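If you want the building blocks of each chain, they are given just below.
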Protein chains: 2
Amino acid sequence: MNKQIDIYEVGPRDGFQNLRTYIPLEEKLKIIDDLVASGIKHIQITSFVSPKAIPQMKDAAEVARICLEKYKNVDFFALVPNLRGAQTAWEVGIRKISYVVSLSASHNKANINRTHEESCEELRKIMERYPELYVCIDLATAFGCPFEGKVPAEAVAAFMKDYVALGVHEFNLCDTIGVANPRQVREVIHVVRAAYPDLTLQVHIHDTRNMGMVNTLAAIEAGVDRIQSTLGGLGGCPFAPGASGNLATEDIVYMLNDMGYDTGINFDELLAASRREKETITDGVFSGHHMNIQNKMAE
Amino acid sequence: MNKQIDIYEVGPRDGFQNLRTYIPLEEKLKIIDDLVASGIKHIQITSFVSPKAIPQMKDAAEVARICLEKYKNVDFFALVPNLRGAQTAWEVGIRKISYVVSLSASHNKANINRTHEESCEELRKIMERYPELYVCIDLATAFGCPFEGKVPAEAVAAFMKDYVALGVHEFNLCDTIGVANPRQVREVIHVVRAAYPDLTLQVHIHDTRNMGMVNTLAAIEAGVDRIQSTLGGLGGCPFAPGASGNLATEDIVYMLNDMGYDTGINFDELLAASRREKETITDGVFSGHHMNIQNKMAE
């Protein structure tokens, strides 16, 4: 009981990146303020990508600089796709990055426009140039791919080998299209843990097929204590009305707090933050369930 | 592996009952046809209530008569609130009923307008008059009540005693407002099983707080093999836009099939049925996730 679970809030990157309307810098900072105030200690604040590719992230350097100066005790990290992004991130003070690679070669090509070899080579350059940069691999399509389907758990572990050899210590297993099932989650984690007992693991489970909560809990009960989610579940596909994307931070925090886990997060403040975010971001797809609840339970 | 899980579809009662627009009899029967065609073998088809109280159910006798004659191998059951409803149900050939009582006295009063004693007494009369009628108790607010909060698992077991004494063999533990957590579900089932090893248990878990899937799986892994849900997740509250109500049958079936459980249900046919239902019932609240999915996975 009271086992600590760390919530890694990735809304300011994963939630914001697909929004068409630019969120002004001050609004972004307010949302991050709200997240910190609710007790969240790990936040992916931005992505150091080309502003031409993703205009929403054109203020990456400012967001990072302001947050790093304002909150010394929060673990801020950013997505970095290449050496150039790593350079900017390093210069503004970022010391921890997420680097995305897809387990599926075809998804890697479609999503990042690289072969597996090119992805690995780019990270090698980043780590060589910035040896003090802490790298977490976001392993996309780890549980299934729209082009290649599901692969055995052993293939996940085998794929990680090159990155472990580079010196990566942390992997975030991503269910990019929300097709994992709890039995599969347990198996993948079991196999990966057995192959690499010293690695740190995270999970990032989409709620697309209503399995965000059940798979995240399966991961926790299999030993993972770092969980990714987005405030309000922001990040659903804007082209698929009603389709759920990310797991909502408030949904998972409510359950974990209620089960007696120690998240260190105040649910009521988090829910208020989620509601304010929804008022601010009018073109977002929000899938958090708690925002619409009427039948409150007596305390 | 391949453990059998029986899905108890309750949409034609629980999903339909709150809809303001009357669904014509033929449309109801088409939905039931679709459910049977997908492989569902247990369906709560209607409710024998006063047509003044719930006009949607005014065709209860016809629905029951037609279904019972058309499908001899499907387990049809109906909700019956009182002796009068039991009489009509019995006369049209219904041999299995759900009888609702709330664990919480205040919810029982608000929902059914009876004291606990009155609820128990009414069932005694029904069972005395129709000793061959099979009764399953729908135990509402078993995991939490808007007025009284959560109660210890022992209180659930203690409450069931009077009904077991009447000769009831099956209980459906209902999370009426979607506040159970998986730890609680396991504990309640463990305590109830220990107190009554010979009882048959079902669960009926609402998805209000995004815990429909995780709590239902917790129940299954704690030994329950009868699961209630509604096609499309129909049954969300029409007064709380966006709020999820029932767990969607297609969501739970997809997961269970993918995990290797034997539901006997064809997911693709079920999803097609769900989409047709959504086209038919335009004023319903549907929360099923699969209806809006775009990123299909390769087989």
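For the structure, see preceding data.
Owing to the predicted nature of the structure, the values given are computational and were not obtained by experimental measurement.

Looking at the packing of helix H7 (residues 153–166) of chain B against helix H8 (residues 182–195) of chain B
Residues and elements named next belong to chain B. Taken N-terminus to C-terminus, the directions of H7 and H8 make an angle of 40°; their axes are 8 Å apart at the nearest point. Comparing the axis directions of H7 and H8 gives the class oblique. The chirality of how H7 crosses H8 is right-handed. Each of Ala153, Glu154, Val156, Ala157 and Met160 in H7 lies in contact with H8, whose residues at this interface are Glu187, Val188, Val191, Val192 and Ala195.

Concerning the relation of the copies chain A and chain B
Note on the copies: chain A fits chain B at an RMSD of 0.0 Å, the axial shift is 0.0 Å, and the rotation between them is 180°. Given the turn and translation reported, the copies of this chain are related as if by a two-fold rotation axis. Taking C-alpha positions as reference, the residue of chain A nearest the rotation axis is valine 214 of chain A, located at 2.2 Å. Same-surface contact between copies: 100% of interface residues of chain A are shared with the interface of chain B.

Thoughts on the pattern of salt bridges
Tallied over the full model, the rule gives 20 salt bridges over all chains. Residues aspartate 14 of chain A and arginine 13 of chain A are paired through a salt bridge, measuring 3.9 Å at the closest nitrogen-oxygen approach. Owing to a relative accessible area of 8%, aspartate 14 of chain A belongs among the buried residues under this scheme. Taking the relative accessible area as the measure of exposure, arginine 13 of chain A reaches 7% and is therefore buried. Arginine 186 of chain B is the salt-bridge partner of glutamate 221 of chain A, the closest N and O atoms lying 2.9 Å from each other. Of this pair, glutamate 221 of chain A sits in helix H9 (residues 212–221) while arginine 186 of chain B sits in helix H8, each in a different chain. For arginine 186 of chain B, a relative accessible area of 30% corresponds to the partly exposed category. Through salt bridges with shared partners, a single network forms among Glu121, Arg124 and Glu128 of chain A.

Remarks on unusual backbone geometry
One can expect most non-glycine residues to show negative phi and most peptide bonds to be in trans. Unlike most non-glycine residues, asparagine 113 of chain A shows phi in positive territory, near 60°. With respect to the helices and strands, the residue asparagine 113 of chain A is situated in the loop between helix H5 (105–112) and helix H6 (116–129). In this structure, asparagine 210 of chain B is a non-glycine residue whose phi angle is positive, near 65°. Tracing the sequence through the fold places asparagine 210 of chain B in the loop between strand S7 (200–205) and helix H9 (212–221). For asparagine 210 of chain B, a relative accessible area of 2% gives the class buried.

So, the interface of chain A and chain B
The interface of chain A with chain B comprises 46 residues on the first partner and 47 residues on the second. Here chain A meets chain B over a buried area of about 3900 Å², counting both sides, of which 55% is carbon and sulfur. At the surface where chain A touches chain B, the tally comes to twelve residue pairs in polar contact (both at pLDDT 80 or more). Contributing elements (two or more residues each) for the side of chain A that touches chain B: helix H8 (182–195), H9 and helix H10 (249–259) of chain A. The greatest single-element share of the side of chain A that touches chain B, amounting to five residues, is contributed by H10 of chain A. Here the side of chain A that touches chain B is composed, by residue class, of 23 nonpolar, 13 polar and ten charged.

How each quantity is defined
Think of each chain on its own: its residues are numbered from 1, step by step along the sequence as written. All chains are assigned letters beginning at A, and all ligands numbers beginning at 1, according to the order in which they are written. Totals for whole chains, interfaces and linings use every residue, but because this is a predicted model, local features are given only for residues with pLDDT of at least 70 and side-chain atom pairs only at 80 or more, for both listing and counting. Excluded from the side-chain calculation are hydrogens and water; included are all heavy atoms of the structure. Fitted lines through C-alpha atoms serve as axes, helices being fitted only where they are in contact, and the angles separating the N-to-C directions of these axes extend from 0 to 180 degrees. Counting from the N terminus, the helices are the DSSP runs of H or I reaching at least four residues and the strands are the DSSP runs of E reaching at least two. Any angle between 65 and 115 degrees counts as roughly perpendicular, while under 35 counts as roughly parallel, over 145 as roughly antiparallel, and the rest as oblique. Put simply, a crossing is left-handed when the front helix is turned counterclockwise from the back one by less than a right angle, and right-handed when it is turned clockwise. We call two residues in contact when some of their heavy atoms are within 4.5 Å. Fitting of the copies onto one another was done by least squares over C-alpha atoms, counting residues only where both copies have pLDDT of at least 70. Counted as salt bridges are all cases of a side-chain nitrogen of Lys or Arg within 4 Å of a carboxyl oxygen of Asp or Glu. Burial classes follow relative accessibility: with a 1.4 Å probe on protein chains only, a residue under 20% of its type's maximum area counts as buried, one over 50% as exposed, and anything between as partly exposed. Two parts placed together each lose some accessible area under a 1.4 Å probe, and the buried area is that loss summed for both. Counted as a polar contact is a pair of N or O atoms within 3.5 Å, where, for protein atoms, one must be capable of donating a hydrogen and the other of accepting one, and residues adjacent in sequence contribute only when both atoms are in side chains. Note on residue categories: nonpolar means Ala, Val, Leu, Ile, Met, Phe, Trp, Tyr, Cys or Pro, charged means Asp, Glu, Lys or Arg, and polar means any other residue, Gly included.

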